[in-house]
Amino acid sequence: MKFIVSSSYLLKQLQILGGVINNSNTLPILDNFLFELHQDKLKVSASDLETTMSAELDVESDSEGSIAVPAKLLLDTLKTFPEQPLTFVVEDNNTIELSSSYGKYALAYANGEEFPNAVELDEPSKTVVPADILATAVSKTIFASGNDDLRPVMSGVFFQFSTEGLTFVATDAHKLVKYTREDVSAEETAEFIMPKKPLNLLKGILANSDSDVLIEYNESNAKFTFDDTQLVCRLIDGKYPNYEAVIPKENPNVLTIDRTQFLNSVKRVSIFSNKTTHQVKLKIAGAELNISAEDVDYSNKAEERLTCDYQGDDMQIGFNSRFLTEMLNNLNANDVQLEMSLPNRAGILTPKDGLDDGEKVTMLVMPVMLNN
């Protein structure tokens with residue numbers, strides 16, 4: 001088994017796949033990349049049992065074979081080379097020899113047969129989504145998903161496909177983001193919960209891709225195929241909470257404000273907030289928004305005034321500044337709208353502009369009780 005490949009091309013592909021590999025694996029074979037060579041096509045795979053990702057690379061070769069190569073050792077070596085062709089030759093003494101213009105390096109390899117196979121999906125449902133839309137949907141929602149092991153369904157992103165459009169939802173019970181596309185739809189209705197790790201991997205690769213992504217899914221697994229890459233992952237088992245029920249319908253108090261101004265103000269004021277609650281208080285009256293925070297234990301406090309457009313009753317409401325900052329950071333609108341009903345009901349944050357046709361983002365943030 002022998003092949004020749006460009007060093008930077010190989011490194012770029014392996015760095016993407018390397019994101020799948022855990023730092024500590026129960027099975028030693030998972031510390032390796034699986035190389036499967038079929039003439040001038042090299043298929044490289046990485047897996048952590050839950051998620052398996054593979055990419056097909058063009059190489060110069062006329063041989064066949066499959067071996068498992070130590071991932072960290074190979075990546076560390078490739079990072080040191082400038083662009084050049086590298087030659088890989090499998091030797092008889094269970095090592096693979098790598099030749100560069102500088103010299104030769106031998107890596108011990110394992111048998112490719114020991115590597116776990118990716119799950120095959122039987123008669124899956126299919127949906128095609130443009131890569132940039134999927135990347136946007138993931139990055140707009142994933143930050144709001146939870147980290148609570150006791151509630152695994154909330155630690156992923158909920159995909160809801162229908163003939164009317166696609167909806168992506170994430171929540172950790174303190175904040176919720178619902179991202180909808182009405183310009184893309186599925187042939188049939190389906191819903192499943194995607195774990196965070198494969199989504200983060202996808203988000204990184206898809207951001208620079210202009211192809212379409214074929215999503216295939218059944219009860220327990222999903223498979224994403226695009227360009228020369230495939231990702232198969234196990235879905236989170238369980239029923240997603242009824243998120244529509246927590247979005248307040250009647251919100252008579254509506255604040256419209258410049259996003260950047262609001263974000264910077266919250267960031268500054270929150271430096272003076274209590275370090276456990278991160279609470280900032282919004283006091284709205286007429287066309288003035290007063291943002292304040294106080295840390296009684298250290299006698300720190302801050303207050304800022306902004307002009308805004310406000311329709312509704314005078315109001316005081318408290319929010320966790322970290323959630324508010326995160327949400328405002330994830331919107332790329334010039335102006336945002338915050339709809340509220342009562343100081344103990346969730347506020348709804350939506351962008352006023354900067355959206356594509358058929359694109360909708362709704363962010364919900366739970367208030368914190370003010371200690372007046």
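Refer to the structure above for everything that follows.
Let me sum up the structure you'll find in this document. (Residues numbered from 1 in each chain as written. Predicted model: local features only at pLDDT ≥ 70, side-chain atom pairs only at ≥ 80, totals over all residues. Heavy atoms only, no water.)

Description of the sheet that holds strand 21 (residues 300-307)
If you trace the 5 strands from one edge of the open sheet to the other, you get 21-20-19-23-27, paired in antiparallel fashion. On the outer flanks of this sheet lie strand 21 and strand 27 (367-368), each paired with one strand and no other. Here strand 23 (residues 315-320) pairs with strand 27 via 2 bridges, running antiparallel. Within strand 27, the position partnered with glycine 318 by the bridge is valine 368. On the sheet, helix 6 (residues 321-329) packs against strand 19 (279-285) and strand 23 and is oriented at approximately 85 degrees with respect to strand 23. (Pairing = 2+ DSSP bridges. Helix = DSSP H or I, 4+ residues; strand = E, 2+ residues; numbered from the N terminus. Contact = heavy atoms within 4.5 Å. Axes fitted to C-alpha atoms, helices over the stretch in contact; angles between N-to-C directions.)

Quick word on the pairing of strand 26 (residues 359-365)
Taking burial as the measure, the 7 residues of strand 26 include 5 buried ones, the bulk of the element. By the bridge criterion, 3 bridges tie strand 25 (residues 347-351) to strand 26 in an arrangement that is antiparallel. By the bridge assignment for strand 26, glycine 347 is matched with valine 365. (Buried < 20%, exposed > 50% of the residue type's maximum accessible area, 1.4 Å probe, protein only.)

Focus on the packing of aromatic side chains
Centre distance and the angle of the planes are the two values used to describe a pair of aromatic rings. Tallied over the full model, the rule gives 15 aromatic pairs. Ring centres 6.4 Å apart and planes at 70 degrees place the aromatic pair phenylalanine 158 and tyrosine 243 in the edge-to-face group. Taken together, the residues phenylalanine 158 in strand 11 (residues 156-161) and tyrosine 243 in the loop between strand 17 (229-234) and strand 18 (253-258) connect sequence positions 85 residues apart. Taken individually, phenylalanine 158 and tyrosine 243 each receive the classification buried, so the pair is uniform in this respect. Ring-pair connections join several aromatic residues into one group, and the members of that group are Phe159, Phe161, Phe168, Tyr179, Phe192 and Tyr217. (Phe/Tyr/Trp six-rings, centres within 6.5 Å; stacked < 30°, edge-to-face > 60°.)

Description of the layout of surface pockets
For the second largest pocket, the calculated volume is near 360 Å³. Looking at side-chain class alone, the lining of the second largest pocket contains 8 nonpolar, 4 polar and 4 charged residues. (1 Å grid on protein atoms, 1.4 Å probe; cavity = no way out; pocket = protein on both sides within 12 Å on 5 of 7 lines; lining within 4 Å. Points joined across faces, edges and corners; volume = space filled by probe spheres on them. Nonpolar A, V, L, I, M, F, W, Y, C, P; charged D, E, K, R; others polar.)

Brief notes about the side chain of glutamate 359
Inspection of the secondary structure assignment puts glutamate 359 in strand 26. Judged by its relative accessible area of 9%, glutamate 359 falls in the buried class. For glutamate 359, the side chain forms a polar contact with the main-chain nitrogen of aspartate 356, separated by 2.7 Å. Contacts of glutamate 359, omitting those with residues within four sequence positions, involve Thr136, Tyr179, Thr180 and Arg181. (Polar contact = N/O pair within 3.5 Å; in protein donor to acceptor, adjacent residues only side chain to side chain.)

Section: the sheet that holds strand 1 (residues 2-6)
A sheet is described by the order of its strands in space; here 4 strands give the open sequence 1-6-7-8, paired in antiparallel fashion. Each of the sheet's edge strands pairs with one partner strand only, and the pair in question is strand 1 and strand 8 (104-108). Here the strands of the sheet are splayed against their neighbours by 20 degrees on average, with no regard to which way each runs. Note that strand 1 and strand 6 (residues 85-90) share 5 bridges and pair antiparallel. Bridge assignment links phenylalanine 3 to a residue of strand 6, and that residue is phenylalanine 88.

Digging into the pattern of salt bridges
Enumeration over the complete set of coordinates arrives at 15 salt bridges. Salt-bridge contacts for aspartate 183 lead to arginine 181; the nearest nitrogen and oxygen are separated by 2.8 Å. Residue classification places aspartate 183 among the partly exposed positions, given a relative accessible area of 41%. In this structure, arginine 268 engages glutamate 304 in a salt bridge whose closest nitrogen and oxygen atoms are separated by 2.7 Å. Residue arginine 268 is found in helix 5 (residues 259-270), and its partner glutamate 304 is found in strand 21; the two are separated by 36 residues along the sequence. The buried category is assigned to glutamate 304, whose relative accessible area is 19%. What emerges from the salt-bridge pattern is a single network uniting Arg181, Asp183, Asp356 and Glu359. (Salt bridge = Lys/Arg side-chain N within 4 Å of Asp/Glu carboxyl O.)

What about the packing of helix 3 (residues 131-141) against helix 4 (residues 196-206)?
A pair of packed helices is characterised by two quantities: the angle between their axes and the separation of those axes. Remark: helix 3 packs on helix 4, axes separated minimally by 9 Å, with the N-to-C direction vectors making an angle of 135 degrees. Taken together, the axes of helix 3 and helix 4 lie oblique to each other. Here helix 3 and helix 4 pass one another in a crossing that is left-handed. Contacts between helix 3 and helix 4 involve Ala131, Leu134, Ala135, Val138 and Ser139 from the first element and Leu199, Lys203 and Leu206 from the second. Residues of the contact of helix 3 with helix 4, tallied by class, amount to 6 nonpolar, 1 polar and 1 charged. (Parallel < 35°, antiparallel > 145°, perpendicular 65-115°, else oblique. Left-handed = near helix turned anticlockwise from the far one by under 90°.)

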